[in-house]
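# Results of the structural survey
Here are the chains, one letter per residue:
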Amino acid sequence: MVEKRDKPICYLKDPKLHNLIAALQKLQEKHGYLRVSDLKKLSHEKGIPGTDIYGVATFYSQFQMKKPAKYTIYVCTGTACHVNRSADIIQFIEESLQIKTGETTKNRLIKLDTVNCIGACAKAPAIMVNDHVYGQMTKAKVKELILKLR
Amino acid sequence: MIDVINAKKELDSDRISVGVGTCGLSAGAGPVYDALKKANLKIPVEKVGCSGMCYNEPIVTVVKSGKQSIYGLVTEDKVGTLIDCIKSGRVCKELLVGTSLDKIPYYKKQKRIVMKNCGFIDPLNIAQYMSQGGYGALKKAIELGQDGVLKEVEASGLRGRGGAGFPTARKWGFIAHVKGKKYLVANGDEGDPGAFMNRTLMESDPFKILEGMAIGAIATDCDEGFIYTRAEYPLAIKTLEQAICLARKHGFLGNNILGTKYNFDVSIRKGAGAFVCGEETALIHSIEGKRGNPSPRPPYPATKGVYGKPTSVNNIGTWGHVVAVLKYGAKQFRKVGTKKTPGTKVICLAGKINRAGIAEVPIGTTIKDIVYSIGGGMPKGTTFKAALTGGPAGGCVPKTKLNTRLDYEEMQKLGSIMGSGGIVVISNESCIVDIARYFMNFTQEESCGKCTPCREGTKRLLEMLERITRGEKVEILALRQLAEFVRDNSLCGLGQNAPNPILSTLRYFEKEYIEHINKHKCKSGVCKDLITYFITDKCIGCGMCAKNCPVATISGIPKERYFIHQEKCIKCGTCYGVCPVKAIIKK
C-alpha cells in the first residue's frame, strides 16, 4: 500500500529556491541541533522526501541529531596537531572526564569530540571549546581548562 | 565615491595595524587590539589580515614618521610595554621582529604576489584595496574583452592551484563559447588538515578573489558564480559576505559592471564539514544542497555542472593568481617560477618546525629552502625525518630528496603531490607507520561510501596498518597490492589518492615497517604496544611518577629507585612527562 499524502512528493520547480544545507544550518543555529520534528515539518513544507533530508543531515559532520552539551571540547587531530601528539591530549581528557571521544559527561556539561583541522596548525596541538581556540596545549593547561569549565 | 588617493595617503602615513585573522585571534589579538585602541596613541589603529608569520602572532605593525617596526608575540600581558614605547617614541626592542618584511629571514626567500596585501590593508576597505592597484586588472580585462583575456591567461601558462595543476585557460575554454546559462565556482573547501592558505586569502584580501572571479566571468561570458567554503571558517564567510556587499555597492559586481555590458554576481555557499566536498563533482552536489557524493566523470562539470549547466570550478588560490596575470601581464608573470609552471604557490608550513605559517614562494623553490631558510629548521633536539606534502592524499619527501623542487611534476616523480600546498614537517620523534595510519584513518572516515574500492579498501588498509603498529604480522606485499588496487579502481580523487601516503612511505621507509613487524620495535617511541617505559638509575626517588600514575603501577621507597610494574602499565606516558630528572626512558 502506498501511503497517502496531502502534498505530492516533488521538488520545487526552481531548485535554487531552496537549498537544503542552508535550511538545515538555519535550523541547527536555532536549537543547537536538528530535531526530528523540525525535519518532518521541513519535509512537508518543502515537499522533500524525509529520506533525502535525513541523508543530507547525516552526511555532513556539522549537523548534530542529539542535544549538545553545554561545552564541547573539540581536540584538533589535523596533521600538525597529530605530529605534536594530540592523541595524548585526547587520552588525558578521556581519563579525566571518564568518557570516550564522541561521548558526553553524565551531567551533560562537557562533550569530547575531535575535529579534522581548525587551521591553527602553527599553534599545534590546538583545541577548541565551543567557538574559542586554545593553542599549544599541554596536559597541565587542559587540566586547568577543565576545572574552569566545571 | 571611493577615495583612493586618500586611502593611499592613509596607508603611507603613521598607522598601527593589528593582524586579526583566525590564527591571530586564537593567539589573543582581540584584547591586544582593544588595548591599543583605548590607549589614546594619536595614531589610527587598524585591523588588518594575516601576514603569514603565524609563529609570531599576535603581530602589531607600527609605522611612525616613515619608519616601520614589526612586533611579534605581542600578547595581552606585553601590550602595555609596547604602548609605553610608542608613547615615548622608542622602538620596543624586546618585541621587535624586524623593520620591514624583506629584512625578516622568514620572508627572504619568498615572493609575495598574491599575498601582497595580506596583513597590510584592511580587508574590508575597498579604497585601500584599490590604492594598491586593486581592480586595475578588471579594468584591463574589460578593455581586452573575452578573447583577449583568454589569450592572456593562456600565454601566462597559469595552472590551477588546487592541486591537479590543470591549465586554467583550457578549463575556461571548455565553457567560454557554450551558449546559455553557466556558472563559475571558487573552491574554498579546504578540508585538507594542515592547509589554511585559502582561509587566509579569504580573510585578508577578499576583494582579490571577487576581482579574479569577475575577470573569469568576462573570459567565460558567465553571469553567476558561487564561492563554496567551509562552515568551520566563520570569519572568512563574514568577511566575504561584507566584501560582496561592498563590491556590489560600488559597481564591481552585479548588473553592468563598471558601466559595461558585463553582468556578474556571486553568492556564498557554506559546506558542512565533509572532506570529499573538495572534489569538484561532490562540491557541485553540495552547492545544490545535496549529499556531497562524487559522481563519475564524464560528464565533466564543463558540460554538466551546477544545476546541470556548464561549470568551471577553480581554487580560491587560482582566482588570486588570475588577478596577478592581468595586472602584471603574461610576460611579467612568466618571469617567476618554472617554465612549465610559472608563478608562485602559497604554502602552509606546520609540524615540527621553528617557524610555522604561510609563505608564498616561486614555484621551483627547493624543499630544503622551504624547511630551513623559511621555516627556520628543526626545533632543538630533533632531526628532520620527512616533509609530508599534499595532506592525506599526498606523500612524503625524505631527507635524501630535500633538493627536490616544489613543482607538480617533480613532486609526482617522488610519488607525492603538491596538492593544496600544505607542508607538514615531521622529526625523528614521529613514527612513519603511525603517520600512514593517521592519514588512512582520516580518508577512511571521510570516504563517502559510494564506491567499494574506497569504502572497503581504505578500511582494510587501515586495519593492516593498525596491526603493524601493534607489531603483528602483516605481509608488506599484500599491503602494497591492496593500496595499488584502491588507487587504480576508486571513483574519485579521494579514493585514488588515499593510498598515496602508504605507497610513498613504503618507498622510502620500508625498513621502519619491517622493524615494526619483525623486531616489534618502534624507534620513535610512538606506537604504544611496542614501547615499554623503564626507570633508570638516574632516579632520585622523588615519587612524582608514582603519585601521578593513573593506574598506580609504579612503586618504590622514597629516595630510592622506583619501579614500573609492566603488566598493569597502560603506557600513557604520564610518568615520562612528570619526571624532574628525565630518569624514565622509552624502550
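All residue numbers refer to position in the chain's written sequence, counted from 1. All chains are assigned letters beginning at A, and all ligands numbers beginning at 1, according to the order in which they are written. Only residues with pLDDT of at least 70 are given local features in this predicted model, and only at 80 or more are side-chain atom pairs given and counted; all residues enter the totals for whole chains, interfaces and linings. Computation of side-chain values covers all heavy atoms of the structure but excludes hydrogens and water.

### Examining the overall build of chain B
Where helices and strands are cited, they refer to DSSP runs of H or I of at least four residues and of E of at least two residues respectively, numbered from the N terminus. Within chain B, the regular secondary structure consists of 22 helices and 18 strands. Relative to the globule expectation of 25 Å for 587 residues, the C-alpha radius of gyration of chain B, 26 Å, shows essentially globular dimensions. Its C-alpha atoms give chain B principal-axis dimensions of roughly 85 × 65 × 40 Å. Partly exposed residues are those whose accessible area sits between 20% and 50% of the maximum for their type, while under 20% is buried and over 50% is exposed, using a 1.4 Å probe and protein chains only. The buried share of chain B, reckoned over its 587 residues, is 60%. Across chain B, the fraction of contacts at a sequence separation of at least 24, relative to all contacts at a separation of at least 6, is 70%. Accessible surface area values rest on a Shrake-Rupley calculation with a 1.4 Å probe, where residue burial reflects the displayed protein chains alone. A total accessible area of about 23,600 Å² is found for chain B, and carbon and sulfur atoms account for 52% of it. For the radius of gyration, the atom set is restricted to C-alpha positions; the globular benchmark scales as 2.2 Å times the number of residues to the power 0.38. We call two residues contacting when some pair of their heavy atoms lies within 4.5 Å.

### Here we look at the overall build of chain A
The helix and strand tally for chain A stands at six helices and four strands. Walking chain A from its N terminus toward its C terminus, one meets helices and strands in the order α-α-α-β-α-α-β-β-β-α. For chain A, with 150 residues in total, the buried portion stands at 49%. When contacts within chain A are restricted to residue pairs at least 6 apart in sequence, those whose partners lie at least 24 apart make up 60%. Total accessible area on chain A stands at roughly 8,600 Å², and carbon and sulfur atoms take up 54% of it.

### Description of the sheet that holds strand β6 (residues 183-188) of chain B
In a beta sheet, neighbouring strands pair by backbone hydrogen bonds and run either parallel or antiparallel. Residues and elements named next belong to chain B. Note on pairing: DSSP must find at least two bridges between two strands before they are called paired. Strand order in the open sheet formed by four strands is β8-β7-β6-β9, with parallel pairing between adjacent strands. Sheet topology places β8 (265-270) and β9 (311-315) at the edges, where each strand pairs with a single neighbour. With strand direction ignored, the average angle separating the axes of adjacent strands in the sheet is 25°. Of the strand pairs in this sheet, strand β7 (residues 224-229) and β8 are connected by six bridges, and their pairing is parallel. Axis lines are fitted through C-alpha atoms, for helices just across the contact stretch, and the angle between N-to-C directions can take any value from 0 to 180 degrees.

### Comments concerning the interface of chain A and chain B
Of the residues lining the interface, 34 residues belong to chain A; the matching set on chain B comes to 57 residues. Summed over both partners, buried area is the accessible surface (1.4 Å probe) that two parts give up on being assembled. When the two sides are added together, the surface that chain A and chain B hide from each other amounts to roughly 3,500 Å², 53% of it contributed by carbon and sulfur. Salt bridges are defined by distance alone: a side-chain nitrogen of Lys or Arg within 4 Å of a carboxyl oxygen of Asp or Glu. Across the contact surface, chain A and chain B share one salt bridge. Polar contact is the term for a pair of N or O atoms within 3.5 Å; when the atoms are in protein, one must be able to donate a hydrogen and the other to accept it, and sequence-neighboring residues count only if both atoms are side-chain atoms. Remark: the boundary between chain A and chain B carries 16 residue pairs in polar contact (both at pLDDT 80 or more). Residue assignment for the side of chain A that touches chain B shows that the elements contributing at least two residues are α1 (20-31), α3 (50-59), α4 (79-83) and α5 (86-97) of chain A.

### Some thoughts on the pattern of salt bridges
Residue and element names in this part refer to chain B. All chains considered together, the criterion is met by 24 salt bridges over all chains. Of the charged contacts, one joins Asp-488 and Arg-487 as a salt bridge, the two residues approaching to 3.1 Å between their closest N and O atoms. Residue classification places Asp-488 among the exposed residues on the basis of a relative accessible area of 53%. By relative accessible area, Arg-487 is classed as partly exposed at 34%. Here the residues in one salt-bridge network are Arg-455, Glu-456, Arg-460 and Glu-463, joined through shared partners.

### What to know about the packing of helix α16 (residues 432-446) of chain B against helix α17 (residues 452-469) of chain B
Residues and elements named next belong to chain B. It is at 9 Å that the axes of α16 and α17 come closest, and there the two elements cross at 155°. Classified by the angle their axes make, α16 and α17 are roughly antiparallel. Crossing hand, α16 versus α17: left-handed. Touching Val-433, Asp-434, Ala-436, Arg-437, Met-440, Asn-441 and Gln-444 of α16 are Thr-458, Lys-459, Leu-461, Leu-462, Leu-465, Glu-466, Ile-468 and Thr-469, all from α17. In this classification, Asp, Glu, Lys and Arg are treated as charged, Ala, Val, Leu, Ile, Met, Phe, Trp, Tyr, Cys and Pro as nonpolar, and every other residue, Gly included, as polar. When its residues are assigned to classes, the contact of α16 with α17 shows seven nonpolar, four polar and four charged. Any angle that falls under 35 degrees is termed roughly parallel, while one over 145 is termed roughly antiparallel, one within 65 to 115 roughly perpendicular, and all others oblique. Crossing chirality is assigned from the near helix's rotation relative to the far helix, an anticlockwise turn below a right angle marking it left-handed and a clockwise turn marking it right-handed.

### Here's the deal with the domain arrangement of chain B
The split of the chain into domains comes from an automatic or database domain assignment. Domain annotation for chain B reports domain 1 (4-101), domain 2 (130-333), domain 3 (345-374 + 382-423), domain 4 (432-518) and domain 5 (532-586). Each of domain 1 of chain B and domain 4 of chain B was reduced to a C-alpha centroid, and the two centroids are 47 Å apart.

### Looking at the sheet that holds strand β2 (residues 45-48) of chain B
Residues and elements named next belong to chain B. With mixed pairing, five strands are arranged side by side in an open sheet as β2-β1-β3-β4-β5. Both edges of this open sheet fall to β2 and β5 (96-98), since each of them pairs with a single strand only. In this sheet, adjacent strand axes meet at a mean angle of 30° when their direction is disregarded. By the bridge criterion, four bridges tie strand β1 (residues 15-19) to β2 in an arrangement that is parallel. When the sheet's bridge partners are listed, Val-18 is paired in β2 with Lys-47.

### A short note on helix α11 (residues 234-249) of chain B
All names here are of chain B. Here the expected length of a helix is defined as 1.5 Å per residue gap, with one fewer gap than residues. A rise of 1.5 Å per residue sets the reference length of α11, with its 16 residues, at 22 Å; its end C-alpha atoms lie 23 Å apart and thus fit the reference within 8%. Along α11, the residues classified as buried are Ala-236, Ile-237, Thr-239, Leu-240, Ala-243, Ile-244 and Ala-247. For α11, the buried positions fall inside an angular range of 165° around the axis, keeping them on one side. Counted as exposed and oriented over 90 degrees from the buried face of α11: Pro-234, Lys-238 and Lys-249. Of the surrounding elements, those touching the buried residues of α11 are α6 (126-131), α9 (197-204), α10 (206-220), β7 and β8. After α11 finishes, the residue Gly-251 shows a positive phi value of roughly 80°. This arc is built from the directions going out from the helix axis to the C-beta atoms.

### With respect to the environment of A:Ile53
Residues and elements named next belong to chain A. On the secondary structure map, Ile-53 appears in helix α3. Since its relative accessible area comes to 1%, Ile-53 is described here as buried. For Ile-53 and Leu-20, which are 33 residues apart along the polypeptide, the C-alpha to C-alpha distance reads 7.5 Å. When neighbours within four sequence positions are excluded, Ile-53 is seen to be in contact with Leu-20, Leu-24, Leu-39, Leu-42, Ser-43 and Ile-48.

### Points about the environment of B:Ala247
Residue and element names in this part refer to chain B. Checked against the element boundaries, Ala-247 lands in helix α11. Owing to a relative accessible area of 0%, Ala-247 belongs among the buried residues under this scheme. Distance in space between the C-alpha atoms of Ala-247 and Leu-210 is 8.1 Å, their sequence separation being 37 residues. Leave out the neighbours within four places in its chain, and Ala-247 touches Ile-126, Tyr-135, Phe-207, Leu-210, Phe-252 and Leu-253.

### What to know about the nonpolar core
Of all hydrophobic cores here, the largest spans 116 residues; its most connected members are B:Tyr135, B:Leu210 and B:Phe264. No other element matches the nine residues that α10(B) contributes to this core. Sequence-distant contacts of B:Phe264, that is, excluding residues within four places in its chain, are made with B:Leu184, B:Met213, B:Ala214, B:Ala217, B:Cys222, B:Asp223, B:Glu224, B:Gly225, B:Leu253, B:Gly254 and B:Ile257. A:Leu34, B:Ile284, B:Val306 and B:Phe442 belong to the second largest nonpolar core, which has 36 residues in total. Here, nonpolar core means buried Ala, Val, Leu, Ile, Met, Phe, Trp, Tyr and Cys residues that are tied together by side-chain atoms lying within 4.5 Å of each other.

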